[in-house]
Amino acid sequence: MRAEAQANADKINDALALLRRFLDWDRALRRLDELNARVEDPTLWDDPRAAQEVMRERRRLDEAISATRAIETELADTVELMEMAEAEGDEAMVDEGVAGLAALAARADDDKIKALLAGEADANDAYIEVHAGAGGTESQDWAEMLQRMYQRWAEKRGFKVDLIEYQAGEQAGIKSATLQIKGENAYGYAKTESGVHRLVRISPYDSSARRHTSFSSVWVYPVIDDNIEIELNEGDVKMDTYRASGAGGQHVNTTDSAVRLTHIPTGIIVASQNDRSQHKNRATAMNMLKARLYEAELQKREAAASGEYAAKTDIGWGHQIRSYVLQPYQLVKDLRTGVTSTAPSDVLDGALDPFMAAALSQRVTGEKVEVEDVD
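Described below are features of the structure shown in this document. Everything numeric in this text was worked out from a predicted model, so none of it was measured. (Residues numbered from 1 in each chain as written. Predicted model: local features only at pLDDT ≥ 70, side-chain atom pairs only at ≥ 80, totals over all residues. Heavy atoms only, no water.)

Following the criterion strictly, the structure yields three aromatic pairs and no others. When the centroid spacing of 5.2 Å and the interplanar angle of 40 degrees are considered together, the rings of Y127 and Y221 count as tilted. Placement of the pair is Y127 in strand 1 (residues 126–132) and Y221 in strand 5 (residues 211–222), with a sequence separation of 94 residues. By the burial criterion, Y127 is buried, and Y221 matches it. For the ring pair W142 and Y324, a centre distance of 4.9 Å and an interplane angle of 65 degrees mean the geometry is edge-to-face. Of the two residues, W142 sits in helix 5 (residues 137–156) while Y324 sits in strand 9 (residues 320–325), which places them 182 residues apart along the sequence. Judged by relative accessible area, which is 0%, W142 ranks as buried. (Phe/Tyr/Trp six-rings, centres within 6.5 Å; stacked < 30°, edge-to-face > 60°. Helix = DSSP H or I, 4+ residues; strand = E, 2+ residues; numbered from the N terminus. Buried < 20%, exposed > 50% of the residue type's maximum accessible area, 1.4 Å probe, protein only.)

Below, the structure written as structure tokens:
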């Protein structure tokens, strides 16, 4: 088999192995049989909410299992046809097989990511918070670059983006911003972006044109719906109000309509200034706070399942998940997965899918994915 075809066949087999491992194949087959039996039970819809959960789980499992089987069958058929064509010297058929494997590899990768987005809240909308680290204007400018990066990523996926909170920097950039990303699996894709992001560049604010390193943090958590109940003692919540500010520092409102909530037991802080009504901003901020508490619980469960402890860290050296180097060379490297890009301008313009896909895969395999260039 040609080298290109063999490489794609190997890629497809890797994706299939990951899917089977993630699904726990034998258990998934048994579970699908159980769900199919429940769907045939006429009493299922006596409890509509429970019935919807059953139908969602059944659909997800059925789609993942069917996609895996279809890829396995198509791979075996294509390889067999290529071997026959090579034996008969039919180069046109071999070329067709090579193209078919390339297309199948892309489909397998897409199906793999869809299957990996099966977490408890992965299908939900997402909040993305960006906070500038220490370093004044440099870090604040970097935080604004990250805010734009996530906006562009979301727009490219066809997601809707709302700016919930925005605190302008003193001279440039932002101190913080919160985006609400609305779209199917928004949280599932974006959740791997939580962490510290490091930028290395020649500073546009340094008259001596020296190289600077800046840090900003990103925190991603799901928008929760009415089906998720979060217990919150309002006596544990401190509320502050302030005047909302927009891009460039201008006041959006002349009253203290923006709301900041602090959850005293955990130290979690959220803010909303998207509406002119303080009441509506408080309601939005309260939903955000519940979502943060829910996300913290999800993190604890995942850490317990993997035997690891993940905690939010300081914004600085030693805690970053990804480095963006603009000088002296062009490189973006994810320090968790090893995935790199030599086109940082594309990454900063929203080309984040390869990094997200590798991070999702790593949660299943626990192994670093060594990819030298995703462009």
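Let's shift gears to the pairing of strand 4 (residues 195–202). Strand 4 sits mainly inside the fold: seven of its eight residues count as buried. Bridge analysis of strand 4 against strand 5 gives eight bridges, and the strand direction is antiparallel. Bridging from a neighbouring strand, I202 pairs with R211 of strand 5. By the bridge criterion, five bridges tie strand 4 to strand 9 in an arrangement that is parallel. By the bridge assignment, V200 is partnered in strand 9 with V325. (Pairing = 2+ DSSP bridges.)

Another point: the sheet that holds strand 6 (residues 237–242). Consider a sheet: its strands pair through backbone hydrogen bonds, and that pairing is either parallel or antiparallel. One open sheet holds the three strands; their spatial order is 6-7-8, and the pairing between them is antiparallel. In this open sheet, the two strands that pair with only one neighbour each are strand 6 and strand 8 (268–272). Looking at each pair of strands side by side, their axes are set apart by 20 degrees on average, direction ignored. Relative to strand 7 (residues 258–263), strand 6 is paired through six bridges, and the arrangement is antiparallel. Bridge assignment links K238 to a residue of strand 7, and that residue is T262. (Axes fitted to C-alpha atoms, helices over the stretch in contact; angles between N-to-C directions.)

In this section: the layout of surface pockets. In this structure, the second largest pocket spans a volume of roughly 930 Å³. R56, R60, L117, G119 and A123 are the residues nearest the centre of the second largest pocket, which is lined by 28 residues in total. When residues of the lining of the second largest pocket are traced back to their parent elements, those giving at least two are helix 3 (48–88) and helix 4 (91–116). Among the elements that make up the lining of the second largest pocket, the one with the highest residue count is helix 3 (ten residues). Each of two domains, domain 1 (3–116) and domain 2 (126–225 + 315–365), supplies a minimum of three residues to the lining of the second largest pocket. (1 Å grid on protein atoms, 1.4 Å probe; cavity = no way out; pocket = protein on both sides within 12 Å on 5 of 7 lines; lining within 4 Å. Points joined across faces, edges and corners; volume = space filled by probe spheres on them. Domains from an automatic or database assignment.)

Here the focus is the sheet that holds strand 9. Strand order in this open sheet of eight strands is 2-3-1-5-4-9-10-11, and the pairing throughout is mixed. Edge positions in the open sheet fall to strand 2 (160–168) and strand 11 (340–341), since each of these has one partner strand only. Helix 5 rests against strand 1, strand 2, strand 3 (174–182), strand 4, strand 5 and strand 9 of the sheet, and its axis sits at about 45 degrees to strand 5. (Contact = heavy atoms within 4.5 Å.)

This paragraph deals with the side chain of S323. Secondary-structure assignment places S323 in strand 9. For S323, a relative accessible area of 8% gives the class buried. Within polar-contact distance, the side chain of S323 engages the side chain of R198 at 3.1 Å. When residues no more than four places from it in sequence are discounted, the contact partners of S323 are R198, L331, V332, K333 and L335. (Polar contact = N/O pair within 3.5 Å; in protein donor to acceptor, adjacent residues only side chain to side chain.)

The next subject is the pattern of salt bridges. Tallied over the entire structure, the rule returns 26 salt bridges. Between E63 and R59 there is a salt bridge whose closest N-O contact spans 3.6 Å. Of the two residues, E63 and R59 are both situated in helix 3; the distance of four residues between them amounts to about one turn of the helix. A relative accessible area of 45% places R59 in the partly exposed class. (Salt bridge = Lys/Arg side-chain N within 4 Å of Asp/Glu carboxyl O.)

Okay, the nonpolar core next. Y150, W153 and Y324 are the most contacted members of the largest nonpolar core, which has 63 residues in total. Broken down by element, the residue count for this core peaks at eight residues, all from helix 7 (residues 278–306). When neighbours within four sequence positions are excluded, W153 is seen to be in contact with F159, I181, A186, Y189, A190, G350, L352, D353 and M356. Membership of the second largest hydrophobic core comes to 16 residues, among which are I12, L16, V98 and L101. (Core = buried A, V, L, I, M, F, W, Y, C linked by side-chain atoms within 4.5 Å.)

Next up on the list: unusual backbone geometry. For residues besides glycine, phi is generally negative; the peptide bonds are generally trans as well. For the bond running from Q327 to P328, omega is 10 degrees, close enough to zero to count as cis. Within the fold, P328 resides in the loop between strand 9 and strand 10 (331–334). Of note, the phi angle at D24 is positive, near 55 degrees, even though the residue is not glycine. Along the chain, D24 turns up in the loop between helix 1 (3–23) and helix 2 (25–39). Classification of D24 by relative accessible area gives partly exposed; the value is 42%. Non-glycine residue N185 carries a positive phi angle of around 65 degrees. Along the polypeptide, N185 turns up in the loop between strand 3 and helix 6 (186–190).

In short, the description is geometric, and any link to function would need to be established separately.
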